[in-house]
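Listed below are the residues making up each chain.
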Amino acid sequence: TVTSIGGRLLRNWLLRPLLMLDAIRDRLDAVEELAFRAVERGRCRERLAAVQDIERLLARVSMGTASPRDLGGLRVSLGAVPAVAEALDSPQAPLLRSLVAGLDDVPELRRRLDETLADELPAVVREGGFTRDGLDPELDSLRAISRSGRHTIAEMEEAERARTGIASLKIRFNRVFGYYIEISRANLHAVPPDYHRKQTIAGGERFITPALKEYEERVLGADERILARELEIFESLRAAVAAEAVRIQETARALAGIDALAGLAEAASLGDY
C-alpha cells in the first residue's frame, strides 16, 4: 500500500480473513481488474501517495488538538480524491465500483480549506501566520500596520536625526524594553526636552518619545490582535471540518479500500500470481 490508512486496512484484512464466499469473490474480482489495468493502477497509486493519515487527522480535529498543518494535510488529501477517482474511470468489479462511488472530496469544505490556509503552515497554532492574505478585511488591515513597521521606523529615525542633528541616532526594538531611541554619551547634550529617559547603558542612554510610544502600542497591539483574529478563524475552520467528519471518514474508508486492492493487484502483477 502507499497510504497509512490503506496499510492499516490491509493488516486488518490479513488478521480477519473473509469467510463468506461472495465477499471473497468480490474482493478477488476487484484485484483481478486492477491487476490487468496496469496503467490505471499505476496512475491511481501515484495519486494515492498524496493522501495523508486522514483517520488520525480527524481524531485530532475531534479532540480539538488539530494544528494548522493537520488541516493542511486534510486539504492535500481531499484534493487528491478527484484525481484518484479519475484514474479509475468506469470500473467493472462491483466492489471497486462501490469504493469509487464512495469517494467524496467534500468540495465546499475543500474550497474553504484552500481559501483559508496559507501554502506554508506552522506546526503550532500560536505561531500564527497560517491564514491567507485577502481572506479577512480586519486581518488584512492589522497586517498592513504590522508589516509597515520597518518602513515607518526608518522614516521616524530619519526625521529625528534631522530634528536633533544627531547623525548617529538609532531607533531600535527588543522584547524587554520595546521600541527606544538610542543616543550615544557624546550626543546627550543635544537631546530634546520631549525625550523621556528609559534606560542607561554603557555607551549612552535610551529614550522614548510620545510619538514612538504611540507607534509601539499600535504595532504591538496589532500583532496581538492578528493572532487573536487568526485563532478565531482557525477555530471556525476546525469546527467546519468536525461537522463533515462522517463524510470525510467514509472517503477515508473508500481510499483505504482502493489502496489495499491496488496493492494486492501490484503484488499479483509483479509475482505473476
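Check the entry above for the structure.
A brief report on the enclosed structure follows. (Residues numbered from 1 in each chain as written. Predicted model: local features only at pLDDT ≥ 70, side-chain atom pairs only at ≥ 80, totals over all residues. Heavy atoms only, no water.)

### Points about the packing of helix α6 (residues 94-101) against helix α11 (residues 245-271)
Note the threshold: In this description, a line fitted to the C-alpha atoms serves as the axis of each element, helices being fitted only across the stretch in contact, and the angle between N-to-C directions of two axes falls anywhere from 0 to 180 degrees. Numbering of helices and strands runs from the N terminus; a helix is a DSSP stretch of H or I covering at least four residues, while a strand is a stretch of E covering at least two. Each helix crossing is assigned a hand: it is left-handed if the near helix lies turned anticlockwise from the far helix by less than a right angle, otherwise right-handed if that turn is clockwise. Every residue pair with non-hydrogen atoms within 4.5 Å of one another is taken to be in contact. Throughout this entry, Asp, Glu, Lys and Arg are counted as charged residues, while Ala, Val, Leu, Ile, Met, Phe, Trp, Tyr, Cys and Pro are counted as nonpolar. The remaining residues, Gly among them, count as polar.
Viewed as axis vectors pointing N to C, α6 and α11 meet at an angle of 140 degrees, and their least axial separation amounts to 8 Å. Both α6 and α11 take part in a crossing whose hand is left-handed. The segment α6 lies against α11, with Leu95, Leu96, Leu99 and Val100 engaging Arg253, Ala254, Gly257, Ile258 and Leu261. Partitioning the contact of α6 with α11 into residue classes produces seven nonpolar, one polar and one charged.

### Comments concerning the environment of Leu261
Structurally, Leu261 is set in helix α11. Taking the C-alpha atoms as reference points, Leu261 and Arg41, separated by 220 residues in sequence, lie 9.8 Å from one another. In this structure, Leu261 is in contact with Trp13, Arg27, Ala30, Val31, Leu34, Leu95, Leu96 and Leu99, ignoring residues within four places of it in sequence.

### Quick word on a negative patch on the surface
Definition in use: Residues form patches when they are more than 30% accessible in relative terms and have no salt bridge. Like charges link within 9 Å. Nonpolar side chains (Val, Leu, Ile, Met, Phe, Trp, Tyr) link within 5 Å. The protein chains shown are the only cover counted for residues, whose accessible areas, like all others here, come from Shrake-Rupley with a 1.4 Å probe. For salt bridges, the criterion is a side-chain nitrogen of Lys or Arg within 4 Å of an Asp or Glu carboxyl oxygen. When charges are counted, Lys and Arg are positive and Asp and Glu negative, with His and the chain ends excluded. By convention, charge coordinates are those of NZ in Lys, CZ in Arg, CG in Asp, or CD in Glu. Here's how the labels work: a residue is buried when its accessible area is under 20% of the maximum for its type, exposed when over 50%, partly exposed in between, all with a 1.4 Å probe on protein chains only.
The grouping of Asp22, Asp26, Asp29 and Glu32 at the surface amounts to a negative patch. The topology assignment puts Glu32 in helix α2 (residues 21-36). Accessibility expressed as a relative area gives 46% for Glu32, which makes it partly exposed.

### Describing the pattern of salt bridges
This structure, assessed with the given rule, holds 28 salt bridges. With a closest N to O distance of 2.8 Å, Arg60 and Asp70 form a salt bridge. Highlighted residues: Arg60 in helix α4 (residues 54-63) and Asp70 in helix α5 (residues 68-87), separated in sequence by 10 residues. Judged by its relative accessible area of 33%, Arg60 is partly exposed. A relative accessible area of 10% places Asp70 in the buried class. The residue Arg143 makes a salt bridge to Glu230 at a minimum N-O spacing of 3.0 Å. Of this pair, Arg143 sits in helix α8 (residues 137-147) while Glu230 sits in helix α10 (residues 210-243), and the two are 87 residues apart along the sequence. For the pair Arg143 and Glu230, a shared accessibility class is recorded, and that class is buried. Overlapping salt bridges, with partners in common, bring together Arg8, Asp53, Glu55 and Arg56 in one network.

### So, the packing of aromatic side chains
This is how it is decided: Each aromatic pair joins two rings of Phe, Tyr and Trp (for Trp, the six-membered one) with centres within 6.5 Å, and gets the label stacked for planes under 30 degrees apart, edge-to-face for over 60, and tilted for any other angle. Whether a charge sits over a ring depends on NZ of Lys or CZ of Arg being within 6 Å of the ring centre and within 35 degrees of the ring normal.
Inspection of every chain in the model, using the stated rule, returns four aromatic pairs. Seen in terms of ring centroids, Phe130 and Phe234 are 5.4 Å apart; in terms of plane orientation they differ by 65 degrees. Their pairing is edge-to-face. On the criterion of sequence distance, the pair formed by Phe130 in the loop between α7 (107-116) and α8 and Phe234 in helix α10 is long-range, its members being 104 residues apart. This pair shows no difference in class: Phe130 is buried, exactly as Phe234 is. Ring geometry for Tyr195 against Phe207: centres 5.9 Å apart, planes inclined by 55 degrees, an arrangement best described as tilted. With Tyr195 in the loop between β2 (178-184) and β3 (196-201) and Phe207 in strand β4 (residues 204-208), the pair connects residues that are 12 residues apart, well separated along the chain. Overall, the relative accessible area of 6% leaves Tyr195 in the buried class. Note on Phe207: relative accessible area 3%, which makes it buried. Taken together, the ring pairs in this structure connect Phe173, Tyr179 and Tyr215 into an aromatic cluster. Over the face of the ring belonging to Trp13 we find Arg27, whose NZ or CZ atom lies 3.9 Å from the ring centre.

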